[in-house]
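Structural features, examined
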Amino acid sequence: MIATRRPELLPSLALFATPAALVALCLFVLPMIFVAAYTVGEERGLLDGVREVAGSNLVFRVFLNTVHISLTTAFVSVLLAYPVALHVMRQKRLWKAVCLTLVLVPFWTSILVKSYAFIVILGERGVINTALRAWGFEGFDMMFNRFAVIVGMSNALIPFAIFPILASLSAQNQSIQAAGEVMGASPMRVFWSITFPQSLPGVLAAFLLCLVLSMGFFVTPALLGGRQDMMMANVIDLYTREVLDWQSASIIALLLLLFCGLLAGAVLKLQLKVGR
Amino acid sequence: MTATTARPGLRIGARLPRASTVLACLVYAYLVVPSLVVMPISLSEAGEFTFDKARLSLNLFRQFFGSEAWIAALWNSLQVATAASILATLIGIPAAYAFARGRFCGRSTVQMLVISPMFVPVIVIALGLYFLAAATGQQGRFTTLVLAHAMYGLPFVVMLVLSGMTQVDPALEKAAMVMGASPARVFVQVVLPQLKISIFAGFLFAFLASFDEVVIAWFLNGPTTITLPVKMYSSIMWENTPVIAAVSTMLTLLSFAVCLLAMMLGANPGAKVAEAGR
């Protein structure tokens, strides 16, 4: 171990990271600077631009949509992810691998495939409505509304919610549960007074992660939602390519970034607490 | 607690695991069934949902492979994803090594910078890239998209190789260095051979990330660089042709193959990626 303190055995390796740093600078930081720069328009200053965006009815509605859809989606995702995390944790070897595959394959399936699948399932002449009509019921209107967006988005986000919860469940000291059982607590009681409270940091982390991710969703609200379900990403696209108002697009993008940054900061702080 | 209060609890408690298992299975179904539903549709004559064996046909796949526009989009995607993932892997491996073992000022800042595209909403990155491409006249070019996707795939490679590095014993590197090997030689001859699996997994996921990426490709697309996801997105948006069912089936099978391969290699990339997101 004395050898580690000799300077020639601690190579700097700065050159090894240089290409990656360059890529990050030119293709990530520089674009961000461009977004920031475009918030100041040629005709309107930054303040006028912000005033116009803040005063826009459309942007305000879209902002409310985004908050509502994101909160609901994050809540639903965490709620549904919890039993899966609990189930995966209890499995052994092969079954654990099988269960993880069931989570990982949707995790890595294109969001387009998932959105298209929900069009097929929820559509006016989709799987559910066809089945209902075949049994003599009336069909439901399940597409191009908020319900479809939330169903599609939580389907995409559940895998993201599972992993933090699973991590906090697996990190628990099993002997505490065992102690509870030995002393005669029922499995239900062991779960509610030992397992669940200890997993709360993971649950909160999963919730915040889902919230951050859902704020930036683009494809699902565009394909499954109606005009009234536009989210911030969609309105950025609209302002950039259709209205050609790059200033407003940049201001909305920075607003989105700010929100996600604050939430991500909360996640990091939480992680530091958990990692203690 | 007396035995009498514990007993009814035990009975309720015995039901808890079962109830949570049932719930878990329902959620597995919710996750998996949508992608599976698309498969029988892709095997039908004209995109209707059917289990009638007599009406199975490869008509939609024939339509896909017979359409110049779809084939061009598939070809573009394959080219972009291959180039971008190779680039991301080549840049990402030495970077991850430097993050794990290097001692230079600003190391953690650079690491954060390289990983952060994963946590910034893609739409914001796409908008910035759109402005950058417009300002430099590089819009709609193949190279622009490859570079953008390399940046997008880089965090996946770095994360996987970094987690692979935790399994590499630093004593071996020290031994090599004591015997006079240069840092570059240590990296190539001592470290790289131990990282094979992480590198391959990183490459696979960078490839898949690029191949499935819509938003950046949507903002940067030009007439000659329409990728498969972009073509799929606009098709669902404007015409909703049943051919999409065939494309979806192929994409699902690709994701399944990649995940299976990664799991067989012993890497659990989803978990790594999502844990990083905490």
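Residues numbered from 1 in each chain as written. Chains lettered and ligands numbered in written order. Predicted model: local features only at pLDDT ≥ 70, side-chain atom pairs only at ≥ 80, totals over all residues. Heavy atoms only, no water.

1. Overview of the overall build of chain A
Broken down by element type, chain A carries twelve helices and zero strands. When the helices and strands of chain A are read in sequence order from the N terminus, they spell out α-α-α-α-α-α-α-α-α-α-α-α. For 276 residues, the compact-globule estimate of 2.2 N^0.38 gives 19 Å, and the C-alpha radius of gyration of chain A, at 24 Å, exceeds that figure by more than 25%. Along the first, second and third principal axes, the C-alpha atoms of chain A reach 80 × 70 × 30 Å. For chain A, the residues scored as buried account for 53% of the 276 residues in total. Sequence separation of 24 or more characterises 73% of the internal contacts of chain A that already satisfy a separation of 6 or more. Taken as a whole, chain A presents about 13,200 Å² of accessible surface, with 69% of it coming from carbon and sulfur. If you average the places of the 19 positive and of the 13 negative side-chain charges in chain A, the two averages end up 18 Å apart. (Helix = DSSP H or I, 4+ residues; strand = E, 2+ residues; numbered from the N terminus. Rg over C-alpha atoms; globule rule 2.2 N^0.38 Å. Buried < 20%, exposed > 50% of the residue type's maximum accessible area, 1.4 Å probe, protein only. Contact = heavy atoms within 4.5 Å. Areas by Shrake-Rupley, 256 points an atom, 1.4 Å probe, with all protein chains shown as cover. Lys, Arg positive; Asp, Glu negative; His and termini not counted. Charge placed at Lys NZ, Arg CZ, Asp CG, Glu CD.)

2. So, the overall build of chain B
A tally of regular secondary structure across chain B gives 13 helices and zero strands. Listing every helix and strand of chain B by position from the N terminus yields α-α-α-α-α-α-α-α-α-α-α-α-α. Within chain B, the proportion of its 278 residues that are buried is 55%. Within chain B, contacts between residues at least 6 apart in sequence are counted, and of these 71% link residues at least 24 apart. For chain B, the computed accessible surface area is about 12,100 Å², with 67% contributed by carbon and sulfur atoms.

3. Side note on the packing of aromatic side chains
Enumeration according to the criterion identifies 29 aromatic pairs over all chains in this entry. Ring centres 4.2 Å apart and planes at 40° place the aromatic pair Tyr38(A) and Phe131(B) in the tilted group. Linking Tyr38(A) in helix H1 (residues 14-38) with Phe131(B) in helix H5 (residues 122-136), this pair reaches from one chain into another. Residue Tyr38(A) is classed as partly exposed on the basis of its relative accessible area, which comes to 26%. We classify Phe131(B) as buried; its relative accessible area is 0%. With a centroid separation of 4.3 Å and 50° between ring planes, the pair formed by Trp108(A) and Phe205(B) is classed as tilted. Taken together, the residues Trp108(A) in the loop between helix H4 (93-107) and helix H5 (111-122) and Phe205(B) in helix H9 (residues 196-212) connect one chain to another. No difference in accessibility class separates Trp108(A) from Phe205(B), as the two residues are buried. (Phe/Tyr/Trp six-rings, centres within 6.5 Å; stacked < 30°, edge-to-face > 60°.)

4. Section: the environment of Ser170(A)
Residue and element names in this part refer to chain A. Within the secondary structure, Ser-170 is located in helix H7 (residues 146-170). Classification of Ser-170 as partly exposed rests on a relative accessible area of 43%. Sequence separation between Ser-170 and Pro-187 is 17 residues; the distance between their C-alpha atoms is 17 Å.

5. Some points on the interface of chain A and chain B
With 96 residues of chain A at the interface, the matching set in chain B holds 98 residues. Here chain A is connected to chain B by zero salt bridges. The interface formed by chain A and chain B holds ten residue pairs in polar contact (both at pLDDT 80 or more) in total. When residues in the side of chain A that touches chain B are grouped by element, the largest group, 19 residues, is from H1(A). For the side of chain A that touches chain B, the per-class residue count stands at 78 nonpolar, 14 polar and four charged. (Salt bridge = Lys/Arg side-chain N within 4 Å of Asp/Glu carboxyl O. Polar contact = N/O pair within 3.5 Å; in protein donor to acceptor, adjacent residues only side chain to side chain. Nonpolar A, V, L, I, M, F, W, Y, C, P; charged D, E, K, R; others polar.)

6. Describing the side chain of Ser154(A)
By the element assignment, Ser154(A) lies in helix H7. A distance of 2.6 Å separates a polar side-chain atom of Ser154(A) from the backbone oxygen of Ile150(A). Discounting residues that sit within four places of it in the chain, Ser154(A) has contacts with Thr73(A), Val76(A), Ser77(A) and Tyr30(B).

7. Observations regarding the nonpolar core
Among the nonpolar cores identified, the biggest contains 179 residues, and Ile165(A), Ile123(B), Leu228(B) and Tyr233(B) are the most heavily contacted of them. With 15 residues, the single largest contributor to this core is helix H6 (residues 142-165) of chain B. If you count residues domain by domain, this core takes at least three from each of domain 1 (3-31) and domain 2 (68-276) of chain B. Excluding its chain neighbours within four sequence positions, the residues that come into contact with Leu228(B) are Phe64(B), Trp70(B), Ala73(B), Leu74(B), Ser77(B), Phe211(B), Val247(B) and Leu251(B). (Core = buried A, V, L, I, M, F, W, Y, C linked by side-chain atoms within 4.5 Å. Domains from an automatic or database assignment.)

8. Remarks on the environment of Ala133(B)
All names here are of chain B. Considering the arrangement of structural elements, one finds Ala-133 in helix H5. For the pair Ala-133 and Thr-144, spaced eleven residues apart in sequence, the C-alpha separation works out to 7.5 Å. If we ignore the near neighbours within four places in the chain, the residues touching Ala-133 are Gln-138, Gln-139, Thr-144 and Leu-220.

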